[in-house]
Structure formats: C-alpha cells, structure tokens
Amino acid sequence: MANFNIDSTKENTYDAIVIGSGMSGGWAAKELADKGLKTLILERGRDVKHNVDYPTTNMMPWEFKHRMQVPQEIVEENPIVSKCYNFREDSMHFFVKDKEHPYVQEKPFDWIRGYQVGGKSIMWARQTQRWSDFDFEGPARDGFAVDWPIRYKDIAPWYSYVEKFVGIAGFKDGLPNLPDGEFLPGYDLNCVEGYFKEKVESTYKDRNIISARCAHLSEPQPIHLEQGRGQCMNRTLCQRGCPFGGYFNSNSSTIPWALKTGNATLRPFSVVHSLIYDDVKEKVTGVRVVDSESKEMIEYYASIVFVNAGALNTNLILLNSTSNRFPNGLGNDNGLLGKYAAFHNYRARVSGRYDGFPDTTSLGRRPTSGYIPRFRNVYKQETNFLRGYAAGFSAGRQVDRNYDGVGESLKSNLLNPEWGGWRVGSHMMGETIPKESNYWGIDPTQKDEWGIPLLKVNVDYDDNDEKMVADYIEQLTEMFTMAGFTDIQSNDSKQAPGLDIHEMGGVRMGKDPKTSLLDKWNRMHLAKNVFVTDGACMTSTSTQNPSLTYMALTARAVDFAVKEMPKETT
Ligand SMILES: Cc1cc2nc3c(=O)[nH]c(=O)nc-3n(C[C@H](O)[C@H](O)[C@H](O)COP(=O)(O)OP(=O)(O)OC[C@H]3O[C@@H](n4cnc5c(N)ncnc54)[C@H](O)[C@@H]3O)c2cc1C
Ligand code: SF4
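Quick caveat, the model's predicted, so the values are computed rather than measured.

(A) Spotlight on the packing of helix H1 (residues 23–34) against helix H5 (residues 152–166). With their axes 13 Å apart at the nearest point, H1 and H5 run at an angle of 95° to one another. When the axes of H1 and H5 are compared, the pair comes out roughly perpendicular. Every residue of H5 that contacts H1 at Trp27, Lys30 and Glu31 is listed here: Tyr161, Val162, Phe165 and Val166. Its residues placed into classes, the contact of H1 with H5 shows five nonpolar, no polar and two charged.

(B) Main features of the site of ligand 2. Around ligand 2 lies a shell formed by His216, Cys232, Met233, Asn234, Arg235, Thr236, Leu237, Cys238, Cys242, Phe244, Gly246 and Tyr247. Here the residues of the shell around ligand 2 sort into seven nonpolar, four polar and one charged.

(C) Quick look at the nonpolar core. Of all hydrophobic cores here, the largest spans 99 residues; its most connected members are Ile17, Ile19, Leu275, Val287, Tyr300, Leu318 and Leu330. The greatest single-element share of this core, amounting to eight residues, is contributed by H5. Contacts of leucine 318, omitting those with residues within four sequence positions, involve Leu275, Val307, Gly329, Leu330, Leu337, Val507, Met524 and Val532. Membership of the second largest hydrophobic core comes to 28 residues, among which are Ile209, Ile372, Val424 and Val469.

(D) A look at the UniProt feature "domain: Glucose-methanol-choline oxidoreductase N-terminal" (unreviewed entry) in the protein. UniProt feature "domain: Glucose-methanol-choline oxidoreductase N-terminal" (unreviewed entry): in the numbering of this structure it lies at residues 152–322. Counting secondary structure, residues 152–322 comes out at 29% helix and 23% strand; the distance between its end C-alpha atoms is 35 Å.

(E) Examining helix H11 (residues 463–482) more closely. When the terminal C-alpha atoms of H11 are compared, their 29 Å separation across 20 residues agrees well with the 28 Å that a helix rising 1.5 Å per residue should span. Buried within H11 we find Asn464, Asp465, Met468, Val469, Asp471, Tyr472, Ile473, Gln475, Leu476, Met479 and Phe480. Its side-chain oxygen 3.0 Å from the backbone nitrogen of asparagine 464, aspartate 462 forms the N-cap of H11. Directly after H11, the chain includes glycine 484, whose backbone phi takes a positive value near 85°.

(F) The arrangement of the pattern of salt bridges in detail. Using the criterion set out here, one finds 38 salt bridges in the structure. Here aspartate 291 makes a salt bridge to arginine 267, at a shortest N to O gap of 3.2 Å. With aspartate 291 in strand S9 (residues 283–291) and arginine 267 in strand S7 (residues 264–267), this residue pair connects regions lying 24 residues apart in the sequence. The two residues aspartate 291 and arginine 267 agree in class, both being buried.

(G) Structural context of the site of ligand 1. If you check the shell around ligand 1, you find 39 residues, and the closest are Ser24, Glu43, Ala125, Val272 and Ser547. In the model, an oxygen atom of ligand 1 is placed 2.7 Å from a nitrogen or oxygen of the serine 24 side chain. A distance of 3.4 Å is found between an oxygen atom of ligand 1 and a backbone nitrogen or oxygen belonging to proline 546. Taking 990 Å² as the accessible area of ligand 1 by itself, protein coverage stands at 97%.

Calculation criteria
Residues numbered from 1 in each chain as written. Chains lettered and ligands numbered in written order. Predicted model: local features only at pLDDT ≥ 70, side-chain atom pairs only at ≥ 80, totals over all residues. Heavy atoms only, no water. Axes fitted to C-alpha atoms, helices over the stretch in contact; angles between N-to-C directions. Helix = DSSP H or I, 4+ residues; strand = E, 2+ residues; numbered from the N terminus. Parallel < 35°, antiparallel > 145°, perpendicular 65-115°, else oblique. Contact = heavy atoms within 4.5 Å. Nonpolar A, V, L, I, M, F, W, Y, C, P; charged D, E, K, R; others polar. Near = heavy atom within 4 Å. Core = buried A, V, L, I, M, F, W, Y, C linked by side-chain atoms within 4.5 Å. Buried < 20%, exposed > 50% of the residue type's maximum accessible area, 1.4 Å probe, protein only. UniProt positions renumbered as here; feature names shortened; annotations may be inferred. Expected span 1.5 Å × (residues − 1). Polar contact = N/O pair within 3.5 Å; in protein donor to acceptor, adjacent residues only side chain to side chain. Salt bridge = Lys/Arg side-chain N within 4 Å of Asp/Glu carboxyl O. Areas by Shrake-Rupley, 256 points an atom, 1.4 Å probe, with all protein chains shown as cover.

The following block contains the structure:
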C-alpha cells in the first residue's frame, strides 16, 4: 500500500472509476455507463447542471455591471487567467482564479483551468478537426518523440462514433490532410473569406481555406434531441453555457446521459489524491480522494480506472501515486512519466485590410470561422523547421457606431452606422515537438490545502518554434499580399506556453514500455487496468485542436476495456 499517513475509509466499490468530468471524462463516463458498468465519476469541483447553473446565459449586455469587461481589480489579482480571451464578466465564474490553485512555474506557463463538472468543455471554442496519417506518422517520419502505436484507420471509426453524438457542423472538403467526418450542415464563409479561398486555391496547389468544423447543432438529429439538446441559434454566447445545448459540452450531453442510465454516480467536491496500487495483486485497486470541503480522505475501489483530470492534473495524480512497486509514480519504471510534454504554438498573427465588397456587410453571427489546414512539410520536408502550422482565418466589416443623440436621433444613428473597410485576420496554430527536457513534475516541498504536492511546470519554446513563427508571418503575409489585402501587420506575441490551452503529453502512448507509458489502447503498460485518454496520452501534438481526438480515443479505449478486461472484484 502507499507510503503516507492519512486515514482512509473503505466506502464504495464500483466497476469503474472516472477521474474528471470534463471533455474526456464525460465521454469515459457515458461509454462505461452505457455498457452497463457501475461507474463512479469523481470531480474535484462543484456540480454545474446544464442550464440550472449557467447564471449569465440569458443576461442582456446592460444587465452586466461592467458591460462584460472584467473589472480591473480582478485582472490585477489574476494576471494569468485574465490573459485568456474568454475570461470575461459573463464567463469568469467558470475559470480557476490564479490564487485558488497555485502551481510552480520553473519557466513561465499560463495554465488556464476550469474546475467544475464539465471542466473546460463549458468554455471551449468548439473547434473540432480530425487528425490524418500525416499527423500520426509524423514522429516516425521526422524522427522525434516515439512512433504512435496507432494510425488513422484505428481511430477513424471512433471519430465517426463521437462526431455523430456530439454533432459537428462542417463541409466535406475532401482534403487528405484533414479528413472529412460525419457532418451536420456547415457554416458558410462570408464573401471576403470566400474570395480569399478562391485566390489561395487557384494560386497554390497545396493550400486551402475552409469553414472550420465545430461542435454546433446546425441541424439537430434525433440523437441530439434525445440528449435534450436543440438547434444552435448562433448567439455566440457559448462561453456562458448554452440554454439550447446548441454546442457540445459535457454538462448538456455526456454527463446527464451517463446519469440517465442509472449506472453512474457523480461525486463533485472530490479531489483525487492518488491511485492505490496493490503490490500483491499487482494492479490498481482504487483511488484515494480528499473531500474538498470536509478534507476527509476516502478510498473508492474499482476494477477499471480512467484518469481524465486534464493533461497536467493527470500527470500530477500519476506522479503522486507512489507505492513500494512504483516509488517514482505509477508505471514509471522508465522514468518518462511527466516528460515529453508539449503544447501548441499560438504566438503569431497576421492581419490586413481589404477594400473590395464595399456594398456587403458581415452582419449576423456564426459560431465558427475560416480555417487554413496545415500546408508546410505535409508531403515532404521543405523548410528549415520540422512539422507545420494551421491557421484560423476570418474577415469582418468594420463598423463605426454613432452613439450621439437621444431618443429618435440616437435610434437612427445606431441603426445607420458608418461602414468602414473589411479587416482580415489570421492566427497561427503550430505543432511543437515533444522533448524530454519539457516536463510536468511535482514539487518536492510544497503542498496544496488538500495535502497534494504542487505541480511544477518546465516547458518552453525552442529554435524549431522560432523558425516556425517567422515562416508563418512570411507565408501569411505573402498570401495576404497576393490577395490584394493592404495595411498588412504581423505580430509575435511571444506569449508563454499554456495560453493555447492545448497542453499534452507526459503519459505518452507508444509501442514499447521502455519508451512510453501507455499502449495502443491507452492502457498503462505496467498497470493494465488504468487508462489515460486526455491530453496526457498524446505522443505528438499535430496542429489541430485536440479535444475531438481525446474524445475518440476515450470511446475507443472504453470499448477495449469493457470487451477485453476481465470483470474482477477488488
Ligand atoms: C477558452 C478555451 C477555448 C478552447 N477551445 C478549444 C477548441 O476550440 N477546440 C479544442 O479541441 N479544444 C479547445 N479547448 C481545450 C479543451 O477545452 C480541452 O482540450 C478539453 O477540455 C480537455 O479535456 P479534458 O477532459 O482533458 O480536461 P477538462 O475538460 O479540463 O476536464 C478535466 C476535469 O478534471 C477535473 N480534475 C482535475 N484534477 C482533478 C482531481 N485531482 N480529482 C478530480 N477531478 C479533477 C477538473 O476539475 C475538470 O473538471 C479550449 C479551452 C478553453 C479554456
Ligand atoms: S452560438 Fe449556438 S451554441 Fe453558442 S450560445 Fe448561441 S445558440 Fe448556443
């Protein structure tokens, strides 16, 4: 048993335990419960019930005391989380505040978190692009990290499975580097985005502009109505939680679905401290939980454990799961637990102005934007850096509203704004190369108020990232110039890693237990009833927003766990 002195009480035994109720934990819970396993969902934060606990969802702009701006004193108290574009007066209650949960930054890292039922699935930007074999084959082809133990064909049916349930709006673009999925009707590009698409696709044989696929119900299907979700109304107030369930989050979809089966139990306020490894049985028998309010330590038992606490917290839990057999963290014989951490490089932006389409506006809303799939180093190595970047792209008409006047004259001024030119903008989504020197670890001296060591973070950009930023700015500037955009400006924010909110790695998948922690089913090589299917499992990062891949890997791993693992009692 473990080597610390906190009383724990044997309380409950389940078939399966899921740690975390966010994007990936919600999927683990839904799948396990659907397959008939008595499943305990442990969530460190409070419960957030769909609709009931979205306090701002129907508020009008004038009902916000600060007109949706975060008050200055809150910004000053929260220098990290207030950097996130979605930390706003209408949504800040879903974000972890800087002082609530400290961590150690050996190098600057902006850790953006949501500790509640639903995790960060409440506040995400809903972008959902599949990976292709250009991504899964990347490490083997380009000689970094280790080879993925899976290929696109292994996960493709699970992308489809997840997409049908989640509801993804998109077009069949027929691109080999960004495979099509099971799409609801997509959201059209506007006229300037469409114009840029035409120019780019007729100029470059390998570059495309598409409408970004997103987790919105543009046309709900029976499976979505069964979840109690309805049509997306394009309010674009998703960060508040959507009253219609128009976008996917765990709160409107997977968690209530799991609970409805009668097989799942949700326990909020339950901070998982560590996994219990039984040296005699040679397996994990359960988890230790600290009740976040009473601070009582409780043990829960199960034959299968899914660790879905979000990449960094999953690393922390496993590193803190020490035993006689695994003194350096669960399954960590090779010393690689926490290492080969990675993220996405979101530093660069290029913007410009377009003077065409003077008679057209971009009034109206849509919950997504344009997307430029990766074009660098796809088919062959062509630059002085490895891998590549995708980009978000959007165009909008500038509008100058006149707030002068009172009564009729004010109304008239507001209804007849001055239209300016079109602004176009793009932001980079770059792949970073996982390296042994980039790691998440545990601080040897400091603990939080639940007796858990603080996480320490030591990740940084490298020369490859610097070259990629320079290339992004050069290429996007060239493409904008070619399209006749003017006033082109570029910017390298030099932001610390973390703000991309795509942290990955530390518990990577691989073929060989000597060089990886998880097998091709996301099962720990050395603790075969433990599965990790959040960002921690990622062997490399690709350029696409990763959550769709976490969800697909989760559904696939549960299917394997239930079919292949003997149902043992602990
Ligand atoms: C503003 C924003 C925009 C984003 N946009 C996109 C996007 O467009 N596309 C995309 O793919 N991704 C996006 N993301 C990232 C996406 O939200 C994450 O990839 C995804 O939520 C990760 O899922 P997860 O299950 O690993 O973690 P989470 O969703 O964070 O869930 C982890 C859960 O575990 C709980 N937990 C943590 N530690 C413990 C513990 N010790 N014990 C018990 N419970 C614990 C947490 O409280 C949390 O509820 C965005 C994120 C943000 C914040
Ligand atoms: S854009 Fe769609 S999903 Fe988002 S809040 Fe509006 S209706 Fe809901």
